[in-house]
Number of protein chains: 2
Amino acid sequence: MNISFIGAGNLATHLATALMNAGHSIVSVYSRTMKSASELARKLGNVNVATDNLECLVPAEIYIISVKDDAVETIVERWPSKCRNGIVVHTAGTLPMTLIATTSEQIGVLYPLQTFSKNKPVCFKEIPCFIESNNEATLKVLQALASSISQMVIELSSEERKHLHVAAVFACNFVNHMVALGYELMERHGIPPSTLLPLIDETVTKLSTMHPHDCQTGPARRGDKQVIDAHLEELKGDEELRILYEEISKSIIRRFQQTT
Amino acid sequence: MNISFIGAGNLATHLATALMNAGHSIVSVYSRTMKSASELARKLGNVNVATDNLECLVPAEIYIISVKDDAVETIVERWPSKCRNGIVVHTAGTLPMTLIATTSEQIGVLYPLQTFSKNKPVCFKEIPCFIESNNEATLKVLQALASSISQMVIELSSEERKHLHVAAVFACNFVNHMVALGYELMERHGIPPSTLLPLIDETVTKLSTMHPHDCQTGPARRGDKQVIDAHLEELKGDEELRILYEEISKSIIRRFQQTT
């Protein structure tokens, strides 16, 4: 299919690359800055138009709006009338589909659940893609489009997608931050942080066969007040870490009081 | 070497198994209950004594105390006089070595940094082992013992080990809890929680080549107040999750304000 991209950030770059590799044509790339638009167009190789002017978008069968959440509204307000005949989708976890209702009669959402970093390739095949549309015909097109790049395509309403996004913040962004805090503590005391890696690997390897509830270990899981108090005492000089340690431990303790 | 084990929990079981597979002899196993002592002795195969009476421990070159933190003191108080000639070590992250000072003149610590679940085998070779002793000769013995089961043996003081343990709680126990909370949210809204797994895998795969600071993604990383507020609004009915979401987001935001 012919696709025009609105946005050239991490997600737009990975998604456009996967779609092109699956045989689709990216006919134009818009970005707020000419620099990013050109950079993505160059990466993709055979894009005809890179632009920082929405009016220069090349009409296409599908328009993919993949910009920061708070920039979507501005894009919608300035949507070019020549682009109202195609399917318009956004890729945001938390925004409702209806936010782009005025751009076209065929709208939808294509939300790939993954964490994208620049220059770190990902295997799109294994990324769950969540889709939504305001009509059956468009949903079928999005189903086909998503299936061309991913093995796991799931229909999900805007409301459900919002729940999913919150869950993903815990399971990805907050997981990474817990590791970052562990590293910080190691670095602060001159212990090589990479010695934590086998532990982190095993923590996550378990999850492929076990429910996280059954994997929980540590002082809070055991209700070991002596160790928890010793750790809180040690973190006394760092109010932020002390509060996090205490609140997360309380949350773990509560769960195992309820079930054992 | 000849080793007597005090304790038969998850860590004791995995450690005793690894030591036996490395060619050492486990000559006796003590546990608070006869049931656990026998169970571990049976798993190991050729142990002569399983007991719930400390006085029945078989004298050995090394005694490994691997029980819950708050049970170590009781073991020390009742330590049999016939066992005062060997090396006595404990395996706890947070307890100082000196806690077992009265058991023998040669004391130490052998702390394997890993999360152990029952019936889930681990590869000990890749587990960092942190050792400490009150004298050089004993330290050498512990170095040899630990090296027989692990490729990464590191000397660490009691004070440093305490820091390490707090870091490990963040990087393992709290990581697992963040995933557990993500699963809870998915289950609560009827979305298959296993669709989070590719995301979690990628989050951790990145850590093998990138510093966690450089891997951070998500609304708090971007300072995206609109999404954070929408998520807090959604969590309004669950005060515990709302507080955790807010505190962890603040902690992420603070780090990226400082550095960018």
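Conventions adopted
Residues numbered from 1 in each chain as written. Chains lettered and ligands numbered in written order. Predicted model: local features only at pLDDT ≥ 70, side-chain atom pairs only at ≥ 80, totals over all residues. Heavy atoms only, no water. Salt bridge = Lys/Arg side-chain N within 4 Å of Asp/Glu carboxyl O. Helix = DSSP H or I, 4+ residues; strand = E, 2+ residues; numbered from the N terminus. Buried < 20%, exposed > 50% of the residue type's maximum accessible area, 1.4 Å probe, protein only. Contact = heavy atoms within 4.5 Å. Pairing = 2+ DSSP bridges. Axes fitted to C-alpha atoms, helices over the stretch in contact; angles between N-to-C directions. Least-squares fit on C-alpha atoms with pLDDT ≥ 70 in both. Buried area = accessible area lost by both parts, 1.4 Å probe. Polar contact = N/O pair within 3.5 Å; in protein donor to acceptor, adjacent residues only side chain to side chain.

Draft legend 1. Structural context of the pattern of salt bridges. Residue and element names in this part refer to chain A. With the rule as written, the count across this model stands at 24 salt bridges over all chains. Across the pair Arg-161 and Glu-132 runs a salt bridge, and its minimum N-O distance is 2.7 Å. Here Glu-132 lies in strand 7 (residues 129–133) and Arg-161 lies in helix 5 (residues 158–188), a separation of 29 residues in the sequence. Classification of Arg-161 as buried rests on a relative accessible area of 1%.

Draft legend 2. Local environment of the environment of B:Ala50. Residue and element names in this part refer to chain B. Structurally, Ala-50 can be placed in strand 3 (residues 49–51). The class of Ala-50 is partly exposed, set by a relative accessible area of 26%. Note: C-alpha distance between Ala-50 and Gln-114 (64 residues apart in sequence) is 26 Å. Apart from the residues within four sequence positions on either side, Ala-50 is in contact with Val-29, Met-34, Ala-37, Ser-38 and Ala-41.

Draft legend 3. View of the sheet that holds strand 5 (residues 87–90) of chain A. Residue and element names in this part refer to chain A. Strand order in the open sheet made by the eight strands is 3-2-1-4-5-6-7-8, with mixed pairing throughout. Because the sheet does not close on itself, it has two edges, and the strands there are strand 3 (49–51) and strand 8 (153–155). Pairs of neighbouring strands in the sheet enclose a mean axial angle of 25 degrees, with direction left out of account. Summarising the sheet, strand 4 (residues 62–65) and strand 5 pair through four bridges and their orientation is parallel. Bridge pairing in strand 5 places Tyr-63 opposite Val-88.

Draft legend 4. Region of the structure containing the side chain of A:Ser249. One can find A:Ser249 in helix 10 (residues 239–259). In contact with A:Ser249, other than residues within four places in its own chain, are A:Ala220 and B:Phe174.

Draft legend 5. Local environment of the relation of the copies chain B and chain A. With an RMSD of 0.0 Å, the fit of chain B onto chain A corresponds to turning through 180 degrees and sliding 0.0 Å along the axis. Taken together, the rotation angle and the small translation identify this as a two-fold axis. For chain B, the smallest separation between a C-alpha atom and the rotation axis is recorded for B:Val175, amounting to 2.4 Å. With an isologous cut-off of 70% or more, the 100% of interface residues of chain B that recur at the interface of chain A puts this contact in the isologous class.

Draft legend 6. Representation of the interface of chain B and chain A. Taken together, the 87 residues of chain B in the interface contact 87 residues of chain A. Both sides together, the interface formed by chain B and chain A hides about 8,500 Å², and carbon and sulfur atoms give 68% of it. The largest per-residue losses of area from chain B upon contact with chain A belong to B:Phe170, B:Asn176 and B:Leu199, which jointly make up 8% of the total buried on that side. Inspection of the chain B/chain A interface yields six salt bridges. Linking A:Arg255 and B:Glu240 is a salt bridge whose minimum nitrogen-to-oxygen distance equals 2.5 Å. Linking chain B with chain A are 36 residue pairs in polar contact (both at pLDDT 80 or more), by the criterion used here. Elements supplying a minimum of two residues to the side of chain B that touches chain A: helix 5 (158–188), helix 6 (197–207), helix 7 (212–215), helix 8 (219–222), helix 9 (225–234) and helix 10 (239–259) of chain B.

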